[in-house]
Amino acid sequence: MATSPLSDWPQILVEAEAFDDFGGWVMDSQFDLEMGSPYLLAHGNGVPVADATTVIDTSPGEYHIWVRAKDWVPGHHPGRFALIVNGEALQPVFGANDQDWSWEYGAAVALGRKTKLALHDLTGFCGRCDAIFLSRSGEHPPPDAPRAWRRALRGLSPSPVDAGKFDVVVVGGGIVGSAAALAAARLGDRVALIHNRPVLGGNGSVEIGLRPRGISGPLIDEISERHPSGDLHAESLLRAEPNATVLLEHTVYNTITSDSTILSVDARDARTGREIRLSADSFIDCSGTCILGLLSGAKTLFGQESKSEYGEGLAPTVGDDYIHHGHTVFFRTNMGESATSFPNVPWATEIAKDYSNLGGQLVRPGVENGPGPVAYSKGAEDHSASLRRRMKGPLTHFWEYGQRLDPYTNGEYIRDHLLRAIYGTFWNVKKEPEYANLKLEWVAYVAAQGEFRRYKGDYVLNEADIRAHKKFPDGVIKNDGAFCLHYPAEKDAKYDFRLRHWEWDERDKKPYDVPFRCLYSENISNLMMAGKHISVTHVAGSNTKFMGNGGQHAIATAAAAHLCKKYGTTPRGLVRHLAELKKLCSRFTGSDHTDFEDDQFKSTVKL
């Protein structure tokens, strides 16, 4: 029972994510830091979902009821829902006020000692509810629903609860973070893995479904195996490790630092709002978003470097500080045995226009780039003649958006834009008689993350280094694969949710060294990183970003954390122990990197 401990007070806050039964709604916590809270989402792909319900304690009397909701397509209101109180629907329909996240007034209702609330979806198209506020006095809730206000009404501690001291804390539970945590645990270190989703795997998880590319190796292969459900083996492997603590559905929102050193991180439980503090000697950021760096003041990089800055042939002539790889939403269709209806979606075709190609589907978790129905008849525009040859294949990542937007503040908007593109395209295809039986089998509501900020380490790896297979004395692991650059549609493109061009440059198909100096922060002494946000240029990052490659970074940082503990030093101080670091990495990567070490190099590193 989602009972407020302050139910005898004149104000009660009911967070939607604390409902007893979500019904067909899902908890969406991916934009916690952006919009202020997790929320419930009615993701039914055009079919209304079952009610979410809860029962709360109330004092007998009249309450004014407010609902924090969002009209995600103003002017069209596709995400409408009703609030049912003790079996009676309040008169207003929520999610239809042309406003972003805001409080909408419901009604004044007489309540007894027990009150049943139900969120009743009316459309199946992403209605969303953050919270319900009940007030005896009729007082309006604060517009932004600040954290301190939420904590007070939920009876939560005003400060984080101590969750203990660890040898290493890993933030981000994708394949990369899972690899870092598993390697650390198997080295005998007490490790906490903090992840903001209910399942591990990130872009490789059952929620999204990409397969790891780049170098894999035994540890990554072990993590990346899938259960029949499509879920990765990562969580079951970590739960079996006595040294590992796995915290799912926890968002890191703060760091405590002293003298350019992180002492602890604060994380919030998405369902309960409970906040905890975890301390450690070493921290490894595997979030892909550079979150620990942003919170602790680490130096970062963003956008595209110019061709001349690092001598990169694939870089643009003029650099910028904002263009990055966008996000992608995956989907899957199938043909049913009988005709099925789909609502008219003018709010979606407003984005999709007449686009009628559903190629680029996720066949199943781990299998991408599936074909899909195409309908270029009866006036639909066949735009394929104007496409470059490389852009005509059914590649999953052709559905991409947000390359010019701030990914930290526009994540929900980017996801929603892609949902509109997919629903609109589906409608365009389905209106053709031959696709009357076509169904949307699955549409992700969690976007595959693109590019965010990257860390600035003691070295910035670049395209020239990779092509030349530059030897580094601190080359502790190897990466492999192609340069994979995505070029966004022009600003005024008709189909702005599709890539303009895709560069897939396989080089010489040989692995290259990644120096350890790219895996720790230049100015935060005990902060390391693995995955797409290591210290690289935009071009180099288009290869190091692959999840298999990131897994190699993760192994190196876990091994480094182990040696930092052993020798009482920082990652930069491991210049004195490179041979041991390389040997320890080889234990998990299956590769030998002990062939090159330069004593003169050690004297050049500023300790």
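Residues numbered from 1 in each chain as written. Predicted model: local features only at pLDDT ≥ 70, side-chain atom pairs only at ≥ 80, totals over all residues. Heavy atoms only, no water.

A.B. asks: Give me the lowdown on the overall build of the chain, citing residues and values where you can.
C.D. replies: Scanning the chain from N- to C-terminus turns up 14 helices and 25 strands. A globule of 607 residues ought to have a C-alpha radius of gyration of about 25 Å, and the chain, at 25 Å, matches this closely. If you line up the chain on its principal axes, its C-alpha atoms span 80 × 60 × 45 Å. Out of the 607 residues belonging to the chain, those deemed buried represent 60%. Partitioning the intrachain contacts of the chain with sequence separation of at least 6 by distance along the chain shows that 76% fall at a separation of at least 24. Accessible area of the chain: about 22600 Å², with a carbon and sulfur share of 50%. In the chain, 66 positive and 76 negative side-chain charges are present, and the distance between their average locations comes to 3 Å. (Helix = DSSP H or I, 4+ residues; strand = E, 2+ residues; numbered from the N terminus. Rg over C-alpha atoms; globule rule 2.2 N^0.38 Å. Buried < 20%, exposed > 50% of the residue type's maximum accessible area, 1.4 Å probe, protein only. Contact = heavy atoms within 4.5 Å. Areas by Shrake-Rupley, 256 points an atom, 1.4 Å probe, with all protein chains shown as cover. Lys, Arg positive; Asp, Glu negative; His and termini not counted. Charge placed at Lys NZ, Arg CZ, Asp CG, Glu CD.)

A.B. asks: An account of helix α2 (residues 147-154) is needed here, citing residue identities and associated values.
C.D. replies: Burial in α2 covers these residues: Trp 149, Arg 150, Arg 151, Leu 153 and Arg 154. Elements in contact with the buried residues of α2: β1 (11-15), β5 (61-69), β8 (102-111), β10 (125-135) and β16 (275-285). Among the residues trailing α2, Gly 155 stands out with phi positive, at a value near 70°.

A.B. asks: Outline the sheet that holds strand β4 (residues 52-57), listing residues and values.
C.D. replies: Strands sit in the order β4-β9-β6-β7 across an open sheet of 4 strands; the sheet is antiparallel. The outermost strands of the open sheet, each flanked by one partner alone, are β4 and β7 (88-89). Of the pairings in the sheet, the one linking strand β6 (residues 81-85) to strand β9 (residues 114-121) comprises 5 bridges and is antiparallel in character. Pairing of Val 85 across the sheet is with Leu 117, part of β9. (Pairing = 2+ DSSP bridges.)

A.B. asks: Please provide a residue-by-residue account of the pattern of salt bridges, values included.
C.D. replies: For the coordinates displayed, the defined rule picks out 42 salt bridges. With a closest N to O distance of 2.8 Å, Asp 130 and Arg 68 form a salt bridge. Here Asp 130 is found in strand β10, whereas its partner Arg 68 is found in strand β5, with 62 residues between them in sequence. When sorted by exposure, Asp 130 lands in the same class as Arg 68, which is buried. A salt bridge links Arg 454 to Glu 305; its shortest N-O distance comes to 2.7 Å. Within this pair, whereas Arg 454 is found in strand β20 (residues 454-455), its partner Glu 305 is found in the loop between β17 (300-301) and α7 (307-310), the two being separated by 149 residues in sequence. Each member of the pair Arg 454 and Glu 305 is classed as buried. (Salt bridge = Lys/Arg side-chain N within 4 Å of Asp/Glu carboxyl O.)

A.B. asks: Now, about the domain arrangement of the chain: what can you tell me, with residues and values included?
C.D. replies: Examined at the domain level, the chain breaks down into domain 1 (11-154), domain 2 (161-300 + 515-589) and domain 3 (327-449). Between the C-alpha centres of domain 2 and domain 3 there is a distance of 33 Å. Taken together, the contacts link 16 residues of domain 2 with 17 residues of domain 3. Here domain 2 packs against domain 3, burying approximately 1200 Å² in sum over the two surfaces, 53% of which is carbon and sulfur. Its largest share of buried area at the contact with domain 3, domain 2 owes to Glu 207, Ile 208 and Leu 210, together 37% of the area lost on that side. Joining domain 2 to domain 3, the criterion identifies 1 salt bridge. Arg 213 serves as the salt-bridge partner of Glu 368, at 3.2 Å between the closest nitrogen and oxygen. Our count for the contact surface shared by domain 2 and domain 3 stands at 6 residue pairs in polar contact (both at pLDDT 80 or more). Looking at side-chain class alone, the side of domain 2 that touches domain 3 contains 5 nonpolar, 5 polar and 6 charged residues. (Domains from an automatic or database assignment. Buried area = accessible area lost by both parts, 1.4 Å probe. Polar contact = N/O pair within 3.5 Å; in protein donor to acceptor, adjacent residues only side chain to side chain. Nonpolar A, V, L, I, M, F, W, Y, C, P; charged D, E, K, R; others polar.)

A.B. asks: I'd like a rundown of helix α13 (residues 578-589), residues and numbers included.
C.D. replies: Here α13 is 12 residues long and its end C-alpha atoms lie 16 Å apart, about the 16 Å a rise of 1.5 Å per residue gives. Residues of α13 that are buried: Leu 578, Leu 581, Lys 582, Leu 584, Cys 585, Ser 586, Phe 588 and Thr 589. At the C-terminal side of α13, Gly 590 shows a positive phi close to 80°. (Expected span 1.5 Å × (residues − 1).)

A.B. asks: Explain the packing of helix α12 (residues 547-567) against α13 to me, and be specific about the residues and the numbers.
C.D. replies: Angle between the axes and distance between the axes: these two values describe a pair of packed helices. Running from N to C, α12 and α13 cross one another at 135°; their axes reach a closest spacing of 9 Å. With respect to α13, the axis of α12 lies oblique. In the crossing of α12 with α13, the sense of the turn from one axis to the other is right-handed. Of the residues in α13, those touching α12 at Gln 552, Ile 555, Ala 556, Ala 559, Ala 560, His 562, Leu 563, Lys 566 and Tyr 567 are Glu 580, Leu 581, Leu 584, Cys 585, Phe 588 and Thr 589. Here the contact of α12 with α13 is built from residues that sort into 10 nonpolar, 3 polar and 2 charged. (Axes fitted to C-alpha atoms, helices over the stretch in contact; angles between N-to-C directions. Parallel < 35°, antiparallel > 145°, perpendicular 65-115°, else oblique. Left-handed = near helix turned anticlockwise from the far one by under 90°.)

A.B. asks: Mind laying out the pairing of β6, listing which residues take part and the relevant values?
C.D. replies: With respect to burial, β6 is a largely interior element, 5 of its 5 residues being buried. The alternating pattern of β6 places Phe 81, Leu 83 and Val 85 on one face and Ala 82 and Ile 84 on the opposite face, and all of these are buried. Of the pairings in the sheet, the one linking β6 to β7 comprises 2 bridges and is antiparallel in character. Across the sheet, residue Val 85 finds its bridge partner in β7, namely Glu 88. Between β6 and β7, which pair antiparallel and follow one another directly, the connecting turn spans 2 residues, one of which, Asn 86, has a positive phi of 50°.

A.B. asks: Describe the environment of Thr 115, with residues and values.
C.D. replies: Along the chain, Thr 115 turns up in strand β9. Sequence separation of Thr 115 and Val 252 is 137 residues, and the distance between their C-alpha atoms is 33 Å. Setting aside residues up to four positions removed in sequence, Thr 115 forms contacts with Thr 54, Val 55, Ile 56, Thr 58, Val 85 and Asn 86. A polar atom in the side chain of Thr 115 sits 2.9 Å from the side chain of Thr 58.

A.B. asks: So what's going on with the packing of helix α3 (residues 175-186) against α12? Which residues, and what values?
C.D. replies: Relative to each other, α3 and α12 sit at 30°, their axes nearing to 8 Å. Taken together, α3 and α12 sit at an angle that is classed as roughly parallel. Where α3 crosses over α12, the two elements pack in a sense that is right-handed. Note on element contacts: α12 touches α3 through Met 547, Gly 550, Gly 551, Ala 554 and Ala 558, opposite Ile 175, Val 176, Ala 179, Ala 180, Ala 183 and Ala 184. For the contact of α3 with α12, the per-class residue count stands at 9 nonpolar, 2 polar and no charged.

A.B. asks: Help me get a handle on the packing of aromatic side chains, residues and values and all.
C.D. replies: In the structure shown here, the tally under the stated rule is 25 aromatic pairs. Residues Trp 103 and Trp 149 carry aromatic rings whose centres are separated by 6.1 Å and whose planes lie at 80° to one another, so their mutual orientation is edge-to-face. Taken together, the residues Trp 103 in strand β8 and Trp 149 in helix α2 connect sequence positions 46 residues apart. Each member of the pair, Trp 103 together with Trp 149, is buried. The side chain of Arg 190 reaches across the aromatic face of Phe 166, ending 4.5 Å from its centre. (Phe/Tyr/Trp six-rings, centres within 6.5 Å; stacked < 30°, edge-to-face > 60°. Lys NZ or Arg CZ within 6 Å of the ring centre and 35° of its normal.)

A.B. asks: Before we move on, could you go through the nonpolar core and cite the residues and values that matter?
C.D. replies: Of all hydrophobic cores here, the largest spans 133 residues; its most connected members are Val 169 and Tyr 423. Residues contacting Val 169, with those up to four places away along its chain left out, are Ala 192, Ile 194, Val 265, Leu 278, Ser 279, Ala 280, Ser 282, Phe 283 and Ile 284. Core analysis: the next-biggest nonpolar cluster, separate from the first, contains 30 residues, Phe 81, Ala 107, Cys 129 and Ala 270 among them. (Core = buried A, V, L, I, M, F, W, Y, C linked by side-chain atoms within 4.5 Å.)

A.B. asks: Which residues make up the confidence of the model for the chain, and what values do they have?
C.D. replies: When pLDDT is averaged along the chain, the result is 93, and 93% of the positions lie at 70 or above. A low-confidence stretch, residues 1-7 (pLDDT under 50), is modelled with 25 contacts involving residues beyond four sequence positions or located in other chains. (pLDDT = per-residue confidence, 0-100.)

A.B. asks: Describe the environment of Leu 187, naming the residues involved and giving the relevant values.
C.D. replies: Considering the arrangement of structural elements, one finds Leu 187 in the loop between α3 and β12 (191-194). Considering only alpha carbons, one finds Leu 187 and His 324, 137 residues apart in sequence, at a separation of 36 Å.

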